[in-house]
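If you want the building blocks of each chain, they are given just below.
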Amino acid sequence: MIKNDLFLKALKGETVQRPPVWMMRQAGRYLPEFRALRDKYDFFTRCETPELAAEITVQPIRRIAPDAAILFSDILVVPRAMGIHVELKDNLGPIIPNPIRTMEQVNQVFVPDVNETLGYVFDAVKLTKEMLNDEVPLIGFAGSPWTIFCYAVEGKGSKSFDTAKGLCFSNPVAAHTLLQKITDTTILYLKEKVKSGVNAVQIFDSWGGMLSPVDYQEFSWKYINQIVEALEEVTPVIVFGKGCWFALNDMGKSKASALGVDWTCSARNARYLSGGNITLQGNFDPSRLLSPIPTIKKMVHEMIDEFGKDKYIVNLGHGILPNIPVDHAKAFIDAVKEYGQ
Ligand code: CP3
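Keep in mind it's a predicted model, so treat the numbers as computed, not measured.

### Considering the sheet that holds strand E1 (residues 69-70)
Here's step 1: Sheet architecture is open: 7 strands sit in the order E1-E4-E5-E6-E7-E8-E9, paired in parallel fashion. The open sheet has two free edges, formed respectively by E1 and strand E9 (312-316), since each of these has just one partner strand.
Here's step 2: Pairing of strand E5 (residues 200-205) with strand E6 (residues 237-241), which is carried by 5 bridges, proceeds in the parallel orientation. Residue pairing for E6: Gln 202 is matched across the bridge by Ile 238.
Here's step 3: Packing against the sheet, helix H10 (residues 172-196) makes contact with strand E4 (138-143) and E5, and its axis sits at approximately 170° to E4.

### Regarding the UniProt feature "site: Transition state stabilizer" (unreviewed entry) in the protein chain
Here's step 1: Those places that UniProt annotates as "site: Transition state stabilizer" (unreviewed entry) correspond, in this numbering, to Asp 74.
Here's step 2: Asp 74 sits in the buried class, given a relative accessible area of 16%.
Here's step 3: Residues in contact with Asp 74, not counting those within four places in the same chain, are Phe 43, Cys 47 and Phe 141.
Here's step 4: A polar atom in the side chain of Asp 74 sits 3.0 Å from the backbone nitrogen of Leu 76.

### Observations regarding the pairing of E9
Here's step 1: The element E9 is extensively covered by neighbouring structure, given that 5 of its 5 residues are classed as buried.
Here's step 2: Both strand E8 (residues 279-284) and E9 contribute to a ladder of 5 bridges, which runs parallel. Along E9, the bridge assignment pairs Leu 280 with Tyr 312.
Here's step 3: Read from E8 through helix H14 (residues 293-307) to E9, the crossover connection turns out right-handed.

### Focus: the environment of Ala 174
Here's step 1: By secondary structure assignment, the location of Ala 174 is in helix H10.
Here's step 2: A C-alpha to C-alpha distance of 29 Å links Ala 174 and Leu 259, two positions 85 residues apart in sequence.
Here's step 3: Residues in contact with Ala 174, not counting those within four places in the same chain, are Met 103 and Val 106.

### Quick notes on helix H9 (residues 162-170)
Here's step 1: If you check which residues of H9 are buried, you get Ala 164, Leu 167 and Cys 168. Projected down its long axis, H9 carries its buried residues within an arc of 100°, all on one side.
Here's step 2: Looking at the packing, one finds that the buried side of H9 touches helix H8 (145-154), H10 and helix H11 (213-231).

### Things to note about the site of the ligand
Here's step 1: Near the ligand lie 24 residues; those nearest to it are Arg 25, Arg 46, Asp 74, Ser 206 and His 318.
Here's step 2: Within the side chain of Ser 206, one N or O atom sits 2.5 Å away from an oxygen atom of the ligand.
Here's step 3: Elements with a minimum of two residues in the shell around the ligand: helix H2 (32-40), helix H3 (43-48) and strand E3 (93-95).
Here's step 4: Taken together, the residues that form the shell around the ligand break down as 14 nonpolar, 5 polar and 5 charged.

Thresholds, definitions, all that
Residues numbered from 1 in each chain as written. Predicted model: local features only at pLDDT ≥ 70, side-chain atom pairs only at ≥ 80, totals over all residues. Heavy atoms only, no water. Pairing = 2+ DSSP bridges. Helix = DSSP H or I, 4+ residues; strand = E, 2+ residues; numbered from the N terminus. Contact = heavy atoms within 4.5 Å. Axes fitted to C-alpha atoms, helices over the stretch in contact; angles between N-to-C directions. UniProt positions renumbered as here; feature names shortened; annotations may be inferred. Buried < 20%, exposed > 50% of the residue type's maximum accessible area, 1.4 Å probe, protein only. Polar contact = N/O pair within 3.5 Å; in protein donor to acceptor, adjacent residues only side chain to side chain. Right-handed = clockwise from strand over helix to strand, strands pointing away. Arc of directions from axis to C-beta. Near = heavy atom within 4 Å. Nonpolar A, V, L, I, M, F, W, Y, C, P; charged D, E, K, R; others polar.

Listed below in structure tokens is the structure:
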């Protein structure tokens, strides 16, 4: 039994005294103890060494005490396991030196044995569970097939992901074949993460908002929904689509347990679009953590009033930024704990 089960209760839609809180990308660069490890070990070494991944996962739990931990890893470990070479360059982000742009290349990408290629992640989950000692739940995650596809085809980050979209529109057979392989791998991967001990999973569709509502159905939601359907019996699934407010209606009808919302969508609209019954998660503008602490606290309380305390998980609208002072991050968490007191 997990001692602090607020997060799991909110995922089930149960009534709570106050909503739970965690922050996307909470294990990361705004923490001095994280930067100390980053100076010593490169990115994929941190992901692939269970002791380091577990330590980084619990750093924010010790320092700011959110109601859930998220495993330190990256969405790009999945394409790496599928035979796509990925590098992480400082200040440049992820680089894929040989981006996938033809059917021949798609045919070379494989659905791997996840235990063989991603066993280090499952080991990190087991070790983290031991370190957490059932204090708070552990979230596992994966990128959405579309978001992984964006990096695999574009070869790097992008403002518009034109090349990735171009492959969908000019060679839909190749695009769908690749998206399906990513989906199949992700399902195997997340099922194994659940077996190793995570208590919920989140799908990050960081680039879903690049697609029109119609294209979103065909190239993103269709695949996310396959993952949701494959996982819903074994664990709660949260779907976070950045810029995807237009898809909240379909998402709200799915078997997802909760939907993430970014800060461009009001609580009222998000409740309305998602059908009013499903748990929502979000949506504080990450840059707003640069406001003075009393302002942060006031705005967090207003946000909870707007979403309502039930069927709600307090979070940012996207990942925390590296330039956020730690005491501001802590004020965000504390504000939720002080709510209603
Ligand atoms: O939430 C957490 O604290 C768990 C850790 C986590 C990381 N990446 C660690 C990381 C999670 C959940 C991710 C997800 C991820 N990775 C996403 C989806 C969420 C989002 O932010 O949209 C995406 C798109 C990626 C791909 C990625 N990884 C990028 C674009 C970058 C470089 C830019 C950046 O954010 O720094 C990374 C590297 C990365 N992943 C870092 C961390 C802490 C920073 C680099 C480092 O530590 O050296």
